[in-house]
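Architecture and fold: a report
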Amino acid sequence: MSHANDIPGLWQGFSSLVRREVLLAWKRPGDVLNPLVFFAMVSTLFPLAVGQSEQQLQFSAPGLVWVAALLATLLSLNSLFVSDYEDGSLDQLILSPQPLPMLALAKSVAHWLVSGLPLILVSPLIAFSFKMPSSVIGVMALTLLFGTMSLSLLGAIGAALTVGLHRGTALLSLLILPLAMPILIFGARTVSLAAAGDTTTAGVYFLAAYCMLALTLAPFATAAALRISNE
Amino acid sequence: MWKFLHKLASPPYFYDLSASMIPWFAVPGVLLIAYGTYAGLFLAPPDYQQGDAFRIIYVHVPAAYLSMMAYMVMAVAAGIGLIWRIKLAHAVSAAAAPIGAWFTFLALITGSIWGKPMWGTWWEWGDPRLTSQLIMLFIYFGYMALRAAIDDPGKADKASAVLAMVGAVNIPIIHFSVEWWSSLHQGATIVREGGPAMPPEMLYPLLANILGFTLIFGALLLGRVRSEVLFRERRSRWVRKLLLAEQGKE
C-alpha cells in the first residue's frame, strides 16, 4: 500500500471541496446575492399583493417566508453542477479516489453555506417587517436551518439528475418541489404554531429527523445520479 | 426458481408468457368489479351518517390504494432494474407510472366529489391525505417528465429509477401524515384492532373491488409492459420474426 499515502484523506477531500465551492461563490458574489435578493423581493411582493393590514400579514407571514425560501433555494440549486459539468470538473470528481457520496455531501454542504445560511440570517428582518412576534424568530430560524439543509441535500439529487439536460430548469422544480413539500408543510405550520404561542417541538423534531434522513441517504442518491448523468 | 426468474427477464419469453397471463388477471378482475360495484351500489345498506354518499368508497378506496400500490411496483421495479441491470424491470417501471398517475387522479376526483356533500367543499387543504395524494400526482408527473426529457433510453431508465426510489421515501410520509396532523379525513376503518368497523354487507363489496381493481391493474400493467418491450426491442431479431409471422398469417 505504498501509494495510499499519496491520496488525501476523506476529511481532506471533503473540506477542500467545500473550501473550493465557497471560494468560487465568494469570487462571484452575484450567484450568492441573486437568490437572496429574490427572497427579499418575493417577501416584498406579498404585502403589496395581499394587503398591508397587520393581522393579515402576521397570519400569512410564516407560509410566505417559507415559500420564498423554498423558491430561492431552488433558484440557486439550478447551477449546482452545471459549471462543473461544462468545464469537466465533474469528470474529475467522479474519477477521484474519494468516495463520490462524500463529495456530493460536500457540494450540498457548500451549497447550504452560500445559500441556506444567508437566508436564515436575513429571515429575522423579514419577520420584523411582517410584524411577527419576536418570540417566533428563534423557531423560524431553527426550522429554516433544518429545512434549507434538507433542501440543499434533496435538491442536489434533482440537480444531479438534470445536469446534462437542455430543459433542466423547469424540470428541476417539477422533480424537487413535490419531494420538498413535507418540509414546507411542517416548516410553515411550525412557525404558525409558534406565532400562535403553541408548542412547536413536534414540528421541529420532524424537520430535524427529515434533515438527518436526507443527510444519510441523499448523498448516495446524488452520487448515483451524477454517475448516470455523466455517462 | 432462479432459473425461472432469469428466463422471465428475457423479453421474448416474457412477451409470450404475458400474453397467456393477461386473461387470468382481466377476467376475474372484471367479475369482481362487477360484483363489488353492484353489491356496493344496490345491496349494501346506506350509512347511518353519510346516507348513500358513502358508496363512492367502492371506487375511491381501491383507486387510492392502487395509486400507492402502482408506485410501489414502479419503485421496486426501478430498484431491481438499477441494481441487477435488468432491462425488463425498467420497462415495468416505465409502464406502471401512467397507470399509477391515473389511479391517483381518480382517487383525487372521487375524493373531491365525496367531499362536496360531506365536508361542504370540493377541496379541503386541511386534510393531509388529499394534499399528499396531490403531491403523489406531482411525483408521478416529475417521473414521467424526467423520462421524457432524456433522449438516451438507457440513461432515462437509470435516472428515473433513482428518482422513483427517492420518491418512495415519501410513501410512508404520505401514509403517516394522517396520524401526524389532525385531519378531517376518515381514519382507517378496514385494518385496525378489533376488526373492521363496517358491517359485512358493506365490507365484502369493497374488498371485492379492491381485489378486482388490483387484478385489472395487473392486466393493464402487463399489457403496457408488452408494448413497451416491443417498442424497446423493435430492432431485435425476435420482434422482426414476430412481425413476419404476423404478416404471414394475413
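As the structure is a prediction and not an experimental result, all values here were calculated from the model.

1. Digging into the overall build of chain A
When you go through chain A residue by residue, the secondary structure sums to nine helices and zero strands. At 19 Å, chain A has a C-alpha radius of gyration in line with the 17 Å of a compact globule built from 231 residues. Expressed as lengths along the three principal axes of its C-alpha atoms, the size of chain A is roughly 70 × 35 × 30 Å. Out of the 231 residues belonging to chain A, those deemed buried represent 46%. Contacts in chain A between residues far apart in sequence, at least 24 positions, make up 81% of those at least 6 positions apart.

2. Description of the overall build of chain B
When its secondary structure is counted, chain B shows nine helices and zero strands. Starting at the N terminus and ending at the C terminus, chain B contains elements arranged as α-α-α-α-α-α-α-α-α. Taking all 250 residues of chain B together, 39% fall into the buried category.

3. Observations concerning unusual backbone geometry
A positive phi angle, close to 60°, is found at Lys-131 of chain A, a residue other than glycine. Along the chain, the position of Lys-131 of chain A falls in the loop between helix H6 (100-129) and helix H7 (136-161). Classification of Lys-131 of chain A as exposed rests on a count of 11 C-beta atoms within 10 Å. The backbone phi angle of Arg-85 of chain B is positive, close to 50°, even though this residue is not glycine. Of note, Arg-85 of chain B is situated in the loop between helix H3 (57-84) and helix H4 (87-119). Judged by local crowding, Arg-85 of chain B falls into the partly exposed class, with 13 C-beta atoms found within 10 Å.

4. Things to note about the interface of chain B and chain A
On the side of chain A, 17 residues touch chain B, which itself brings 18 residues to the contact. Those elements that provide at least two residues to the side of chain B that touches chain A are helix H5 (128-149), helix H6 (153-168) and helix H7 (170-180) of chain B. Ranked by residue count, the leading element in the side of chain B that touches chain A is H5 of chain B, at eight residues. Residue composition of the side of chain B that touches chain A, grouped by class: 13 nonpolar, three polar and two charged.

5. Observations regarding helix H3 (residues 54-77) of chain A
Given a rise of 1.5 Å per residue, 24 residues ought to cover 34 Å, and the 34 Å separating the end C-alpha atoms of H3 of chain A matches this to within 8%. The axis of H3 of chain A is deflected most strongly, by about 50°, at Ala-61 of chain A, and proline Pro-62 of chain A appears within four residues downstream.

6. Here's the deal with the nonpolar core
In this structure, Ala-225 of chain A together with Met-74, Ala-96 and Val-162 of chain B are the most contacted members of the largest nonpolar core, which totals 136 residues. Here this core takes 15 residues from H3 of chain B, the largest share from any one element.

7. Thoughts on the packing of H3 of chain B against H4 of chain B
All names here are of chain B. Remark: H3 packs on H4, axes separated minimally by 7 Å, with the N-to-C direction vectors making an angle of 160°. In terms of orientation, H3 lies roughly antiparallel with respect to H4. As for the relative orientation of H3 and H4, their crossing is left-handed in sense. Tallied by class, the residues present in the contact of H3 with H4 amount to 20 nonpolar, nine polar and no charged.

8. Points about the environment of Asp-31 of chain A
Relative to the helices and strands, Asp-31 of chain A is located in helix H2 (residues 29-50). Apart from residues lying up to four places away in sequence, Asp-31 of chain A is in contact with Ala-25 and Ser-79 of chain A.

9. Let's talk about the environment of Ser-18 of chain B
Residue and element names in this part refer to chain B. Looking at the secondary structure, you find Ser-18 in helix H2 (residues 11-43). When the C-alpha atoms of Ser-18 and Val-225 are compared, they prove to be 9.1 Å apart, with 207 residues separating the residues in sequence. Apart from residues no more than four positions distant in its own chain, Ser-18 is found in contact with Leu-222, Val-225 and Arg-226.

10. Some thoughts on the packing of H6 of chain A against H7 of chain A
All names here are of chain A. Their axes nearest at 8 Å, the elements H6 and H7 cross at an angle of 150°. The orientation of H6 relative to H7 falls into the category roughly antiparallel. For the element pair H6 and H7, the recorded crossing hand is right-handed. Counted together, Ala-104, Lys-107, Ser-108, His-111, Trp-112, Gly-116, Leu-119, Ile-120, Ser-123, Pro-124 and Ala-127 of H6 and Val-136, Ile-137, Met-140, Ala-141, Leu-144, Leu-145, Thr-148, Met-149, Ser-152, Leu-153 and Ala-156 of H7 form the full contact between these two elements.

11. Re helix H9 (residues 201-229) of chain A
For H9 of chain A, which comprises 29 residues, the first-to-last C-alpha distance of 40 Å matches the rise-based estimate of 42 Å (1.5 Å per residue) to within 8%. The principal kink in H9 of chain A, of about 40°, is found at Leu-217 of chain A, preceding the proline Pro-219 of chain A by one to four residues.

Calculation rules
Residues numbered from 1 in each chain as written. Chains lettered and ligands numbered in written order. Predicted model: local features only at pLDDT ≥ 70, side-chain atom pairs only at ≥ 80, totals over all residues. Helix = DSSP H or I, 4+ residues; strand = E, 2+ residues; numbered from the N terminus. Rg over C-alpha atoms; globule rule 2.2 N^0.38 Å. Buried ≥ 20, exposed ≤ 12 C-beta atoms within 10 Å, placed from the backbone. Contact = placed C-beta atoms within 7 Å. Nonpolar A, V, L, I, M, F, W, Y, C, P; charged D, E, K, R; others polar. Expected span 1.5 Å × (residues − 1). Bend = angle between axes of the 7 residues up to and from the residue. Core = buried A, V, L, I, M, F, W, Y, C linked by C-beta atoms within 7 Å. Axes fitted to C-alpha atoms, helices over the stretch in contact; angles between N-to-C directions. Parallel < 35°, antiparallel > 145°, perpendicular 65-115°, else oblique. Left-handed = near helix turned anticlockwise from the far one by under 90°.

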